[in-house]
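Here are the chains, one letter per residue:
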Amino acid sequence: MQKQESLQSNRIKPLTIKTPLYYDESISSWLIRAALNQGCDILTFTQFYWPDYRLWTYDVDKGFNHIDGQVHKDMAILADMHYRAFNSKTLMSFAERMGLSDSSKQINIPWTQPLTKRNRRALLGYQYCPLCMHSDKEARLKLSWRFTWTLYCVQHQIRLQSTCTQCEQPYQPQLLEANMRYINHCHSCKSKLAQATDNQSSYLLDDYSYKFQRMASQVYVDGFGYALGKKIPMQDWFELISFYVNIVRRAVSKPDYMFGKLLNSFGINTATITPPKTGLRLDQLPIDERIELLGFAIRLNDIDVSTWIRKCEEMHVTQNSFNWSKGMLIPEAFKPIYEQLPFTKVQERKSNKNLNTPRAPESVMKLWERLKRKTEMRELYDQDRLNYKE
Ligand SMILES: [Zn+2]
Ligand SMILES: [Zn+2]
């Protein structure tokens, strides 16, 4: 086995037509460009080097160290890079920095957008900035576009896109064929990714969510953030923001109820936005829904401890109100508020879960949206399979 492994690494030489991995580029982007540069179909390219793996059924941006270290090393050689430098470009190294290393075996790394895959096809497209992708030769996908907090291109100040502006299919560069030559094309209609001219509003920058993006990037770089008048570790900051997002989701789905009223008392009017259609995790939501939720969550981050406590008291929000699920953990950073609130002892009620009790309408709608999403995915898959021989 050992021998075979060393033979395999001898087989791999840096590519003759060099395709350097840019400092901000994702591994999938580099692999796609490397294949196209060689005049090769992407699938043929990866199957040639790693015949044992159907590489594109994995999230390539995670790197392969957790699956097969040899594949990972091979890639570093192809990219003509030191193994450790290559490793720093992976989502796994992102997870480690975020203190999420225990979750390495999880399918989705929190705070990154999953590329939900059915085989090699995804329902969510890869996020991209049409202006960054304009030049054929320099077009590449940035690793930071995979982060859940990345909503806009910092350089061009426009909202990121994830579908083709011509045919509206999710942008899936891993399905490009060799004759497309550059990564900035749609695999489905073959047109170049361009900025749509008829719908400028879908590119506009929203101040609050942009503020959130800048703040989150800064916290990620610094390793600490500020909340409720204190300097706190990065992990605590992101945990607090996730908690705020959950409060916002509760307020948005019931604007006239407790959290809706509480946010209203802070001057945050949640009745203006539509609740996420599916009820999926934040990371899995489309960009327009994330923009709304994160834009509201960051406004909660501006409220100080005494205002929180005063308003909670006025609105009869107690400790119990925040324990909305079994085993709910209150974020460390929120405890200075939480611990000041009254707690009411609730009598253990006998579970009256009755199978005949109908579901609430909103939960039926969420189920329905999720089912629609599944069907859409199935249709995309079938349609692609007809057009594309694997
Ligand atoms: Zn850009
Ligand atoms: Zn298209």
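None of the values given here were measured: they were computed from a predicted structure.

Asker: Let's hear about the overall build of the protein chain: which residues, and what values?
Answerer: The helix and strand tally for the protein chain stands at 14 helices and six strands. The buried share of the protein chain, reckoned over its 390 residues, is 47%. Sequence separation of 24 or more characterises 66% of the internal contacts of the protein chain that already satisfy a separation of 6 or more. For the protein chain, the accessible area works out to roughly 20800 Å², and carbon and sulfur atoms hold 51% of it.

Asker: Tell me about the nonpolar core, residues and numbers included.
Answerer: Membership of the largest hydrophobic core comes to 107 residues, with the highest contact counts inside it found for Tyr 244, Trp 308 and Phe 322. With twelve residues, the top contributor of residues to this core is helix 8 (residues 234-253). Built from parts of two domains, this core gets at least three residues from each of domain 1 (2-204) and domain 2 (207-338).

Asker: Give me the lowdown on unusual backbone geometry, citing residues and values where you can.
Answerer: Trans peptide bonds make up most of the peptide bonds, and negative phi angles are found at most residues other than glycine. Here the phi dihedral of Asp 80 falls at roughly 60°; this positive angle occurs in a residue that is not glycine. Note that Asp 80 resides in the loop between helix 4 (69-78) and helix 5 (83-87). Phi at Leu 228 is positive, roughly 50°, even though this residue is not glycine. Here Leu 228 lies in the loop between strand 5 (224-227) and strand 6 (230-233).

Asker: Explain the coordination of the zinc ion (ligand 2) to me, and be specific about the residues and the numbers.
Answerer: The coordination sphere of the zinc ion (ligand 2) contains the protein donors Cys 164 (SG), Cys 167 (SG), Cys 186 (SG) and Cys 189 (SG), at a distance range of 2.3 Å. Around the zinc ion (ligand 2) sit four donor atoms; with metal-centred angles ranging over 106 to 115°, the donor geometry is tetrahedral. Look at where the donors of the zinc ion (ligand 2) fall in the sequence and you get C-x2-C-x18-C-x2-C. Note that Cys 164 is positioned in the loop between strand 4 (158-159) and helix 7 (207-222) and Cys 186 in the loop between strand 4 and helix 7, a separation of 22 residues in sequence. Of the two residues examined, Cys 164 and Cys 186, each falls in the buried class.

Asker: Residue-level account of the environment of Leu 36, with values.
Answerer: Tracing the backbone shows Leu 36 in helix 2 (residues 27-37). Dropping the residues within four chain positions of it, Leu 36 is found in contact with Ile 42, Leu 176, Glu 177, Ala 178, Arg 181, Tyr 182 and Ile 183.

Asker: Break down the side chain of Thr 278 for me, with residues and values.
Answerer: Structurally, Thr 278 is set in the loop between helix 9 (258-265) and helix 10 (287-300). Using a relative accessible area of 9% as the deciding quantity, one classes Thr 278 as buried.

Asker: Outline the side chain of Lys 89, supporting the account with residue identities and numerical values.
Answerer: Checked against the element boundaries, Lys 89 lands in the loop between helix 5 and helix 6 (91-97). Once you skip the residues sitting within four places of it in the chain, Lys 89 turns out to touch Leu 21, Tyr 22, Tyr 23, Asp 24, Glu 25, Ile 27, Asp 61, Met 81 and Leu 143.

Asker: Could you give an account of the pairing of strand 5, naming the residues involved and the relevant values?
Answerer: Alternating residues of strand 5 divide into Gly 225 and Ala 227, all buried, and Phe 224 and Tyr 226, none buried. One ladder, built from four bridges, connects strand 5 with strand 6; its direction is antiparallel. From the neighbouring strand, Gly 225 faces strand 6, where its bridge partner is Ile 232. Turn length for the strand 5-strand 6 hairpin, with the two strands adjacent in sequence and antiparallel, is two residues, and the turn residue Leu 228 shows positive phi of about 50°.

Asker: Talk me through the pattern of salt bridges; I want residue IDs and the actual numbers.
Answerer: Side chains that carry opposite charge are capable of pairing whenever their charged atoms lie near each other. Tallying each qualifying case throughout the model produces twelve salt bridges. Its salt-bridge partner being Arg 146, residue Asp 61 comes within 2.9 Å of it at the nearest N-O pair. Of the two residues, Asp 61 sits in the loop between helix 3 (42-49) and helix 4 while Arg 146 sits in the loop between strand 2 (121-122) and strand 3 (152-153), which places them 85 residues apart along the sequence. Taken as a pair, Asp 61 and Arg 146 share a single burial class, namely buried. Of the charged contacts in the structure, one is a salt bridge between Lys 335 and Glu 332, with a shortest N-O distance of 3.3 Å. Overlapping salt bridges bring together Asp 24, Arg 140 and Lys 142 as one network.

Asker: Can you lay out the coordination of the zinc ion (ligand 1) for me, pointing to particular residues and giving the numbers?
Answerer: Ligation of the zinc ion (ligand 1) by protein atoms is provided by Cys 129 (SG), Cys 132 (SG), Cys 153 (SG) and His 156 (ND1), these donors lying 2.1 to 2.4 Å from the ion. Bound by four donor atoms, the zinc ion (ligand 1) shows angles of 105 to 112° at the metal and therefore tetrahedral coordination geometry. All donor residues of the zinc ion (ligand 1) come from one chain, and their arrangement in sequence is C-x2-C-x20-C-x2-H. Judged by its relative accessible area of 0%, Cys 129 is buried.

Asker: I'd like to hear about the confidence of the model for the protein chain, residue by residue, with values.
Answerer: The predicted model of the protein chain averages 87 in pLDDT, with 86% of residues at 70 or higher. Low pLDDT, under 50, characterises residues 1-8; the stretch is placed with four contacts to residues that sit more than four places away or in other chains.

Asker: How would you explain the packing of aromatic side chains if you had to name every residue and give the values?
Answerer: Counted under the stated rule, the structure contains 31 aromatic pairs. A centroid spacing of 5.7 Å and a plane angle of 75° characterise the contact between Tyr 58 and Phe 64, whose relative ring orientation is edge-to-face. Here Phe 259 and Trp 324 contribute two aromatic rings whose centre-to-centre distance is 5.8 Å and whose plane-to-plane angle is 85°, an arrangement assigned as edge-to-face. Of this pair, Phe 259 sits in helix 9 while Trp 324 sits in the loop between helix 12 (319-322) and helix 13 (335-338), and the two are 65 residues apart along the sequence.

Asker: Can you explain the packing of helix 8 against helix 10? Please cite residues and give values.
Answerer: Between helix 8 and helix 10, whose axes approach to 8 Å, the crossing angle comes to 115°. Taken together, the axis directions place helix 8 and helix 10 in an arrangement best described as roughly perpendicular. Between helix 8 and helix 10 lies a crossing of right-handed hand. Across the interface between the two elements, Trp 237, Ile 241, Tyr 244, Val 245, Ile 247, Val 248 and Arg 249 from helix 8 touch Leu 293, Leu 294, Phe 296, Ala 297, Ile 298 and Leu 300 from helix 10. In terms of residue class, the contact of helix 8 with helix 10 is built from twelve nonpolar, no polar and one charged.

Cut-offs and rules
- Counting restarts for each chain, with residues numbered from 1 along the sequence as it is written.
- The naming scheme follows written order: chains are lettered A onward, ligands numbered 1 onward.
- Only residues with pLDDT of at least 70 are given local features in this predicted model, and only at 80 or more are side-chain atom pairs given and counted; all residues enter the totals for whole chains, interfaces and linings.
- Side-chain descriptors were evaluated using all non-hydrogen atoms of the structure, hydrogens and water having been removed beforehand.
- Counting from the N terminus, the helices are DSSP H or I runs at least four residues long and the strands are E runs at least two residues long.
- The rule is simple: take the accessible area with a 1.4 Å probe, protein chains only, and divide by the maximum for that residue type; under 20% is buried, over 50% is exposed, in between is partly exposed.
- Contact between two residues is taken to exist if any of their heavy atoms lie within 4.5 Å; hydrogens are not considered.
- Throughout, the Shrake-Rupley method with a 1.4 Å probe supplies accessible areas, and for residues the shown protein chains are the sole cover considered.
- Put simply, a nonpolar core is a bunch of buried Ala, Val, Leu, Ile, Met, Phe, Trp, Tyr and Cys residues held in one set by side-chain atoms that sit within 4.5 Å of each other.
- The start and end points of each domain follow an automatic or database-based domain assignment.
- Only nitrogen, oxygen and sulfur atoms count as donors, using a 2.8 Å cut-off from the metal that widens to 3.2 Å for Na, K and Ca. Water is left out, so coordination shells may look unfilled.
- Angular criteria define each label, namely tetrahedral for four donors with all angles between 85 and 135 degrees, square planar for four and octahedral for six donors with opposite donors over 155 degrees apart and remaining angles between 65 and 115, and irregular for whatever fails these tests.
- The pairing criterion for strands is at least two bridges between them, as found by DSSP.
- Any Lys or Arg side-chain nitrogen located within 4 Å of an Asp or Glu carboxyl oxygen qualifies as a salt bridge.
- Note on scores: pLDDT gives the predictor's confidence for each residue, bounded by 0 and 100.
- Pairing of aromatic rings covers Phe, Tyr and Trp, the last counted by its six-membered ring, and requires centre-to-centre distances within 6.5 Å; plane angles under 30 degrees mean stacked, over 60 mean edge-to-face, and any other angle means tilted.
- Between N-to-C directions, angles cover 0 to 180 degrees, with each direction set by a line fitted to C-alpha atoms, over the stretch in contact for helices.
- Any angle from 65 to 115 degrees is called roughly perpendicular, while one under 35 is roughly parallel, one over 145 is roughly antiparallel, and all others are oblique.
- Put simply, a crossing is left-handed when the front helix is turned counterclockwise from the back one by less than a right angle, and right-handed when it is turned clockwise.
- Each residue is assigned to one class: nonpolar for Ala, Val, Leu, Ile, Met, Phe, Trp, Tyr, Cys and Pro, charged for Asp, Glu, Lys and Arg, and polar for all the others, Gly among them.

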